[in-house]
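# Structural overview
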Amino acid sequence: MDVNAAVAAAAAIAGVCTGVIAMLAFRWSERDQKRPTRTSLHTDPVLPPGVDTVLSVLRSSAVVLDESDGVVKASSAAYALGLVRGGKLAVEPMLQMARDTRRDGEIRQVELDLPRRGTGRGDALAVSARVAPLGSRLVLLLVEDLTEARRIEAVRRDFVANVSHELKTPVGALSLLSEAVMDASDDPEAVERFAGRMQNEATRLTNLVQELIDLSRVQNDDPLEDAEPVRVDELVGEAIDRCRHQAGTKQITMATGGTVDLHVWGNRGQLAAALGNLVENAVNYSPARTRVGIAARRVNAPGGDLIEIAVTDQGIGISDKDKERIFERFYRVDPARSRATGGTGLGLAIVKHVAASHGGEVTVWSSEGQGSTFTLRLPEAGATRDRGSGHGLGDEDAHQGIRPDTTAYEPIPAAPEVLP
């Protein structure tokens, strides 16, 4: 009996111990489940209330880092800029700023140049990064893309420098020539020669100032406020009249063709200036006894029909490296020729702005030694037009050297037609 009692007592004690151990294990497991883990710290609920909403409406790229430099929150713009990769901040200078701010709580800001991802280009991405503490454990990084602002500032600086240089050249020449006239007061032939050169420089200065005014006007004004239907035939006629003297001096034939009775919608003065600049460029850059052609046609486009005006010459042509820059202000393919003809380097820039402000575009096809074709495309005026008007793009296109179903143009062959 004593043995059986001892066994029973031992069994009871073992059962009690097992129950106690099971209860303690259950409590320990429950407490461990409630303890925050590293994964839970990286989820959105750790952000202070309202921060997620504020970050979603910011224009800047936003990244929130935890105490282990893990990314808690990142905007889509941050991923697009390549700031975040694999759940980590990929820009070392920004990461160091975040660590310093987490250590001392100070707000830091710096401007950096970052390499572009996947473009293969050497130009950098300019950004401004600002780091600030967010609560007791988090750090907020805001990144602003300054690339476009830097580009605009560079353009402005170049423009001011170019204007200063272009104004300084004729003004300096006038000053020197006036001194030469004074020194040659007793030599009528020298006075006449210097006076003629002064007149040329004064004309060049006047043209430069006028084109600066025109460029400023087309950049700042809304041409569609005073828009009206404008006949393309009249624009072409005005452009030819504007260049008739220069063309006659070089014995350049000017020919027109394409579809007649076309209308575009816009500011008549600006459209006339744009087409006049294209024709004037064609004449200035063409050798003597060649042809300049102007052809217009209607082309179908998804948003509505467009009127395409092509100006083709048999000039020196444009190299591939120059094609990308010819619409920049003051850029000249042949500076020596441009200065000799009084060109300012602003004509094509004006054409580009006029086309853009009228909802169109200007493009160029060119081959060195074979000539160039500048094509101005503008929305047609009116919803409907008689498709049968004019002679269309048939035999006349071959006469003008235009390939009907493409935007590229070939030089115009010689022909007897001459506009006096």
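Rules of the game
Numbering of residues starts from 1 in every chain and runs along the sequence as written. For a predicted model such as this one, the threshold for reporting local features is a pLDDT of at least 70, and the threshold for listing and counting side-chain atom pairs is 80 or more; totals across whole chains, interfaces and linings nevertheless cover every residue. Processing note: side-chain calculations cover all non-hydrogen atoms of the structure and skip hydrogens and water entirely. By the convention used here, strands pair only if DSSP detects at least 2 bridges between them. For the purposes of this entry, the term helix denotes a DSSP run of H or I that reaches at least four residues, the term strand denotes a run of E that reaches at least two, and both are numbered from the N terminus. Interaxial angles span 0 to 180 degrees and are taken between N-to-C directions of axes, which are lines fitted to C-alpha atoms, for helices over the stretch in contact. Contacts are residue-level and defined by heavy atoms, with any inter-residue pair within 4.5 Å sufficient. In these notes the angle categories are as follows: under 35 degrees is roughly parallel, over 145 is roughly antiparallel, 65 to 115 is roughly perpendicular, and the rest is oblique. What makes a crossing left-handed is the near helix being turned counterclockwise from the far one by less than a right angle; a clockwise turn instead makes it right-handed. By nonpolar core is meant a set of buried Ala, Val, Leu, Ile, Met, Phe, Trp, Tyr and Cys residues that side-chain atoms within 4.5 Å join together. The buried label goes to any residue with under 20% of its type's maximum accessible area, the exposed label to any with over 50%, and the partly exposed label to all in between, with areas taken from a 1.4 Å probe on protein chains only. A patch consists of residues whose relative accessible area exceeds 30% and which take part in no salt bridge; residues with like charges are grouped when within 9 Å of each other, and nonpolar side chains (Val, Leu, Ile, Met, Phe, Trp, Tyr) when within 5 Å. Using the Shrake-Rupley algorithm and a 1.4 Å probe, accessible areas are obtained, with residue cover drawn only from the displayed protein chains. What makes a salt bridge here is a side-chain nitrogen of Lys or Arg within 4 Å of a carboxyl oxygen of Asp or Glu, nothing more. Positive charges come from Lys and Arg alone, negative charges from Asp and Glu alone, with His and the N- and C-terminal ends not counted. In plain terms, the charge of a residue is placed at NZ if it is Lys, CZ if Arg, CG if Asp and CD if Glu. One fewer than the residue count of a helix, multiplied by 1.5 Å, yields its expected span. Pairing of N or O atoms within 3.5 Å defines a polar contact, subject to two protein rules: one partner must be a possible hydrogen donor and the other a possible acceptor, and residues neighboring in sequence count only if both atoms are side-chain atoms.

Adjacent strands of a sheet pair through backbone hydrogen bonds, lying either parallel or antiparallel. As summarised here, the arrangement of the five strands in space is E2-E1-E7-E6-E5, forming an open sheet in which the pairing is antiparallel. Of all strands in the sheet, those with a lone pairing partner are strand E2 (71-74) and strand E5 (108-115), marking the two edges. Pairs of neighbouring strands in the sheet enclose a mean axial angle of 25 degrees, with direction left out of account. Where strand E6 (residues 124-134) lies against strand E7 (residues 138-145), eight bridges are found, and the strand directions are antiparallel. Its bridge partner lying in E7, arginine 130 is registered against leucine 142. Where helix H5 (residues 92-104) meets the sheet, its contacts fall on strand E1 (61-65), E5, E6 and E7, and the angle it forms with E5 comes to roughly 165 degrees.

Quick look at the sheet that holds strand E14 (residues 371-379) now. In spatial order, the strands read E9-E11-E12-E14-E13; together these five strands make up an open sheet with mixed pairing. A single partner strand is all that each edge strand has here, and the edge strands are strand E9 (253-258) and strand E13 (361-367). Strand after strand, the sheet turns through a mean of 15 degrees between neighbouring axes, direction not considered. The strands touched by helix H9 (residues 268-284) are E9, strand E11 (291-299), strand E12 (306-312) and E14; relative to E12, the strand with the most contacts, the crossing angle is about 25 degrees.

What follows is about the packing of H9 against helix H12 (residues 347-357). Their axes nearest at 9 Å, the elements H9 and H12 cross at an angle of 140 degrees. Comparing their axes, H12 and H9 come out oblique. Crossing geometry of H9 relative to H12 is assigned as left-handed. The residues of H12 that touch H9, namely those facing Gln270, Leu271, Ala274, Asn277, Leu278 and Asn281, are Gly347, Leu348, Ile350, Val351, Val354 and Ser357.

Counting residues in each nonpolar core, the largest one holds 44 residues, and the members touching the most others are Val232, Val264, Leu275, Val279 and Val311. Of all elements in the fold, only helix H7 (188-220), helix H8 (232-249), H9, E11, E12, H12 and E14 reach the threshold of two or more residues within this core. The residues touching valine 279, leaving out its near neighbours within four places in the chain, are Ala239, Cys243, Met254, Ile294 and Val311. Of all hydrophobic cores here, the second largest spans 23 residues; its members include Val84, Leu95, Leu112 and Leu114.

A surface patch of negative charge is lined by Asp186, Asp187, Glu189 and Glu192. Note on placement: aspartate 187 falls in the loop between helix H6 (147-183) and H7.

Compared with the 24 Å implied by 1.5 Å per residue over 17 residues, the 24 Å span of H9 between its first and last C-alpha is a close match. Listed in full, the buried residues belonging to H9 are Gln270, Leu271, Ala272, Ala274, Leu275, Gly276, Asn277, Leu278, Val279, Ala282, Val283 and Asn284. With a side-chain oxygen positioned 3.1 Å from the backbone nitrogen of glycine 269, the residue opening H9 is asparagine 267.

Of note, serine 286 is situated in the loop between H9 and E11. At a separation of 2.4 Å, a polar atom in the side chain of serine 286 contacts the main-chain carbonyl oxygen of alanine 282. Serine 286 has contacts with Lys250, Ile252, Val292, Asp313, Gln314 and Gly315, leaving out every residue within four places of it along the chain.

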